[in-house]
Amino acid sequence: AAKGAGKRQWRRFHPVLQAGMIERHELQASLDSAVAESSFQVLYQPIVEIASGALEGFEALVRWPHHTRGLVPPEQFITLAEESGQIVPLGAWVLGHAAAEASRWQQTASECLDGHDGLDGGAGPRKQLYVSVNVSARQFRDPGFVDVVRQTLDGHSMEPSSLILELTESVLMRRDERVRTDMMTLSDLGVRLAIDDFGTGYSSLSYLREFPITILKIDKSFIDGLGKSSQQYALVEGITRIAETLGVRVIAEGIESARQRDLLAVMGCPLGQGYLFARPMGADQAESLIRASKDLTVRPSAGGAETPP
Ligand code: C2E
Ligand code: MG
Ligand code: MG
Ligand code: MG
């Protein structure tokens, strides 16, 4: 009977498996040409100071406009690109775009804010908007990565402190000596390093001791639970307290409601991003946002669709 069930299962799943493989193969092939032609887009989502709504910077989020599939979200191709190694050129491309945009914002912000005091903790006389770029494990482990970052900074005369690199725990888990050395090199350059999606997987606060990380992004799943149980609240508050005590800035991800924002403000979580403030937007809209908000304040505006360039 067991054998029969196994056979039936095979028969039932085999065509699906095959369809999946064909689909995968197709995607991989068109991803190849997309990488070769750099036919991606980068959207930018504001990161704000929770208490005031003041704009701090943007996270760069890649999109793949596909001729038959529409805008393919990163979940559907980043893993594929990681497996094939295509993430290395793709990631370098995203980094270059993000740096170019950040240089434009710097220009715009300094035009708009002439004489305005920086909120960045005295790093400069004017507020430095930063761009935060996701880096996959495979990309970070590539031996050329640090050079790519260096060249990108040089090529855009970019202040290293206005670049944040978001790493996931998969980079940190292995306790690889080269990973640590590369992180030290980047941090010595002045680039800031963040842990992304903190709280998922095996994220450990000891990473904050072991690595030169100065920003911690608390995963959306924790923010979702904020208003629902006092335990969830206590957890986020505890993580925030410990991180901030260690001099690590906390960014809450995926804030969708005013209630979540208020709870975060009460517990003293400094920074956040989410649909409540703004969705990811095209570079031009990011530029207009910087221009329009003279005081660089993003007014809560829930709803509305993502706005591609
Ligand atoms: P992530 O780095 O954690 O980025 C945050 C994700 O949450 C983004 O999804 C963003 O659009 C979404 N988000 C932001 N606020 C809200 C909210 O209030 N509600 C909800 N439901 N979602 C919100 P996105 O753009 O689809 O990106 C998904 C993931 O793909 C990213 O998660 C990141 O891990 C990866 N990714 C995106 N761009 C790149 C890239 O250039 N390189 C690499 N290696 N990975 C990338
Ligand atoms: Mg991220
Ligand atoms: Mg995240
Ligand atoms: Mg994520």
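Above this text sits the structure in question.
Residues numbered from 1 in each chain as written. Chains lettered and ligands numbered in written order. Predicted model: local features only at pLDDT ≥ 70, side-chain atom pairs only at ≥ 80, totals over all residues. Heavy atoms only, no water.

**A short note on the packing of aromatic side chains**
Then, in step 1: Per the counting criterion, the structure on display carries 8 aromatic pairs.
Then, in step 2: Between Tyr207 and Phe211 the ring centres are 6.1 Å apart and the planes differ by 55 degrees, which places this aromatic pair in the tilted class. One exposure class covers both Tyr207 and Phe211, and it is buried.
Then, in step 3: One aromatic cluster is present, built from ring pairs that chain together Phe40, Trp64, Phe77 and Trp93. (Phe/Tyr/Trp six-rings, centres within 6.5 Å; stacked < 30°, edge-to-face > 60°. Buried < 20%, exposed > 50% of the residue type's maximum accessible area, 1.4 Å probe, protein only.)

**Some details on the nonpolar core**
Then, in step 1: Within the largest apolar cluster, 80 residues are counted, with the highest numbers of intra-cluster contacts made by Phe40, Tyr44, Val131, Leu163, Leu165 and Leu264.
Then, in step 2: Per-element tally for this core: the top contributor is helix 3 (residues 87–112), with 10 residues. (Core = buried A, V, L, I, M, F, W, Y, C linked by side-chain atoms within 4.5 Å. Helix = DSSP H or I, 4+ residues; strand = E, 2+ residues; numbered from the N terminus.)

**Focus on the site of ligand 1**
Then, in step 1: By nearness alone, 23 residues border ligand 1, and Arg63, Asn134, Asp196, Glu256 and Tyr275 come closest of all.
Then, in step 2: Interatomic distance of 3.1 Å between a side-chain N/O atom of Gln45 and a nitrogen atom of ligand 1.
Then, in step 3: Between an oxygen atom of ligand 1 and a side-chain N or O atom of Arg63, the distance comes to 2.9 Å.
Then, in step 4: Compared with its free state, where it exposes 800 Å², ligand 1 has 83% of that area covered by protein.
Then, in step 5: Ranked by the residues each element gives to the shell around ligand 1, the list is headed by strand 2 (residues 55–66), at 4 residues.
Then, in step 6: Residues belonging to the shell around ligand 1 are distributed by class as follows: 9 nonpolar, 5 polar and 9 charged. (Near = heavy atom within 4 Å. Polar contact = N/O pair within 3.5 Å; in protein donor to acceptor, adjacent residues only side chain to side chain. Areas by Shrake-Rupley, 256 points an atom, 1.4 Å probe, with all protein chains shown as cover. Nonpolar A, V, L, I, M, F, W, Y, C, P; charged D, E, K, R; others polar.)

**Let's talk about the coordination of the magnesium ion (ligand 2)**
Then, in step 1: Note on the magnesium ion (ligand 2): its protein donors are Glu59 (OE), Asn134 (OD1), Glu166 (OE) and Asp196 (OD). The metal-donor distances range over 2.0 to 2.3 Å.
Then, in step 2: Counting gaps between the donor residues of the magnesium ion (ligand 2) yields the pattern E-x74-N-x31-E-x29-D.
Then, in step 3: A distance of 3.9 Å spans the gap from the magnesium ion (ligand 2) to the magnesium ion (ligand 3), which Asp196 bridges by coordinating each metal. Of this pair, Asn134 sits in strand 4 (residues 130–134) while Glu166 sits in strand 5 (residues 163–167), placing them 32 residues apart in sequence. (Donors = N, O, S within 2.8 Å, 3.2 Å for Na, K, Ca; no water.)

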